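# Summary of the model geometry
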Amino acid sequence: MSLCVSVIGLGAWGSTLASLLARQGHRIQGWSRSQGGAPRDALAGADLALVATSLQGAAQLAPQLAPLWPGQLPLISCSKGLDLQGCSTASQIWCREGPQIPLLVLSGPNLARELEQGLPAASVLASSDLSLARHWQRQLSGDQLRLYANADPIGTEVVGALKNVMAIAAGICDGLALGANAKASLLCRGLAEMGVVIEALGGDGRSLYGLAGLGDLLATANSHLSRNYRYGLALAEGLSAEQAQARVGATVEGASTVKAVTSMARQRQWHLPICQQVLAVMEGRVAPPMAVQALMQRDLKDEQGQP
């Protein structure tokens, strides 16, 4: 069935989603800040809305748009990250501003460039209303993108945000040529840190090992198409955070996410050593080799204990 889909935010990710859905035969109504106009105009007559702005963009748009949201128009949040000010995910921002909006979350190993090339991928569509997630799973799955449904939007968003931080760490690891053993160990312990945050925020730990967690981590921590991974490579060369950002030339969600999650960790006494060292490197307080040394010299403990 052909649908009218509104896509709010036409950066690399939003444009890729719009193109993908158009190839499936859906009619697209798009809006981006650079094009001007009112974002609400793009919602008129839509059957579904996808918000694919950066997390910062979602935080700015939600207070303006949510009170004017048309009827029971479903919203799929495609923004990844944690908001530094509110310490919340994108769907939590939308829920706070528009509790009447039927909300879903889309996340997974979906590097935009590969989808643009027509390569296959799978992702998760999550909602606290599982029947809603299953409905849109059936409507939006196609030959190129296979969707799975779950009822854990918070866990799905948390792992989707934190895997970007671990991808930065992986880029630093590869940039320092530390080898496969070190990288495998880093990503494994990174999963443990992600699990701490999921549990603390009330998510389902099973999402850690799903497409939005381990699946997306494998993609973003190993591909030069990943902005977060390339950012980590640049930091390993000794570039400052600003220079690394300029080299990537696009939003690096993990850079803002690590600030938010370490702020939350200080307030709530979470132990997140990898996140803390990534932030220390970004802020120029620690050189990349010294960050690795700090992780290797931590106190010994049981594997199933805290990270």
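Residues numbered from 1 in each chain as written. Predicted model: local features only at pLDDT ≥ 70, side-chain atom pairs only at ≥ 80, totals over all residues. Heavy atoms only, no water.

## Some details on the overall build of the protein
Regarding its fold elements, the protein presents 13 helices and seven strands. The globule rule puts the C-alpha radius of gyration for 307 residues at 19 Å, and the 19 Å found for the protein is close to it. Taking the principal axes of its C-alpha atoms as reference, the protein extends roughly 60 × 35 × 35 Å. Counting over 307 residues, the protein shows a buried share of 53%. Residue pairs in contact within the protein that sit at least 24 positions apart in sequence constitute 69% of those at least 6 positions apart. Surface summary for the protein: the accessible area is close to 13,500 Å², and the carbon and sulfur share equals 51%. Taking the 23 positively charged and 22 negatively charged side chains of the protein as two groups, their mean positions are separated by 2 Å. (Helix = DSSP H or I, 4+ residues; strand = E, 2+ residues; numbered from the N terminus. Rg over C-alpha atoms; globule rule 2.2 N^0.38 Å. Buried < 20%, exposed > 50% of the residue type's maximum accessible area, 1.4 Å probe, protein only. Contact = heavy atoms within 4.5 Å. Areas by Shrake-Rupley, 256 points an atom, 1.4 Å probe, with all protein chains shown as cover. Lys, Arg positive; Asp, Glu negative; His and termini not counted. Charge placed at Lys NZ, Arg CZ, Asp CG, Glu CD.)

## Details of the pattern of salt bridges
Inspection of the entire model under this criterion finds six salt bridges. A salt bridge links D216 to K80, with the shortest nitrogen-to-oxygen separation between them at 2.8 Å. In this pair, D216 is assigned in helix 8 (residues 211–220) and K80 in the loop between strand 4 (75–77) and helix 3 (90–97), connecting sequence segments 136 residues apart. Residue D216 is joined to K163 by a salt bridge in which the shortest nitrogen-to-oxygen separation is 3.5 Å. (Salt bridge = Lys/Arg side-chain N within 4 Å of Asp/Glu carboxyl O.)

## Details of the pairing of strand 5 (residues 103–107)
In the case of a regular strand, side chains alternate between the two sheet surfaces. Of all five residues in strand 5, five are buried; the element is thus mostly enclosed. Sheet topology places strand 4 next to strand 5; three bridges connect them, and they run parallel. Bridge pairing in strand 5 links L75 to L103. Taking the sense of rotation as the criterion, the β-α-β connection linking strand 4, helix 3 and strand 5 turns out right-handed. In this sheet, strand 6 (residues 121–126) lies alongside strand 5 in antiparallel orientation, the contact comprising three bridges. Counterpart to L106 in the pairing with strand 6 is L125. (Pairing = 2+ DSSP bridges. Right-handed = clockwise from strand over helix to strand, strands pointing away.)

## Some words on the nonpolar core
Counting residues in each nonpolar core, the largest one holds 50 residues, and the members touching the most others are Y231, L235, V261, W270, L272, V278 and M282. Going through the elements one at a time, helix 6 (153–175), helix 7 (180–201), helix 8, helix 9 (227–236), helix 10 (241–248), helix 11 (253–268) and helix 12 (273–282) are the ones with two or more residues in this core. At twelve residues, the largest contribution of residues to this core is made by helix 6. With residues near it in sequence (within four places) discarded, V261 still touches L82, L162, V197, W270, L272 and C275. Of all hydrophobic cores here, the second largest spans 25 residues; its members include A18, L20, A52 and L106. (Core = buried A, V, L, I, M, F, W, Y, C linked by side-chain atoms within 4.5 Å.)

## Looking at the packing of helix 9 against helix 10
Helix 10 packs onto helix 9 with a crossing angle of 135° between their chain directions and a minimal axis gap of 9 Å. Relative to helix 10, the element helix 9 is oriented oblique. Once helix 9 is placed against helix 10, the crossing between them reads as right-handed. Residues R227, R230, Y231, A234 and L235 of helix 9 touch helix 10, and the partners they reach there are A241, A244, Q245, R247 and V248. Classifying every residue of the contact of helix 9 with helix 10 by side-chain character gives six nonpolar, one polar and three charged. (Axes fitted to C-alpha atoms, helices over the stretch in contact; angles between N-to-C directions. Parallel < 35°, antiparallel > 145°, perpendicular 65-115°, else oblique. Left-handed = near helix turned anticlockwise from the far one by under 90°. Nonpolar A, V, L, I, M, F, W, Y, C, P; charged D, E, K, R; others polar.)

## Digging into the sheet that holds strand 6
Strand pairing in a sheet is mediated by backbone hydrogen bonds. Such pairs are either parallel or antiparallel. Judged by pairing direction, the sheet is mixed, and its seven strands sit side by side in the order 2-1-3-4-5-6-7 without closing on themselves. Each edge of the sheet is formed by a strand with only one pairing partner; in this case those strands are strand 2 (27–31) and strand 7 (145–150). In this sheet, adjacent strand axes meet at a mean angle of 25° when their direction is disregarded. Pairing between strand 1 (residues 4–8) and strand 3 (residues 48–51): four bridges, direction parallel. Residue pairing across strands places V5 opposite L48, the latter belonging to strand 3. Here helix 5 (residues 130–140) sits on the sheet in contact with strand 3, strand 4, strand 5, strand 6 and strand 7, set at roughly 170° to strand 7.

## Structural notes on the environment of A22
Tracing the sequence through the fold places A22 in helix 1 (residues 12–23). Sequence separation of A22 and C4 is 18 residues, and the distance between their C-alpha atoms is 9.7 Å.

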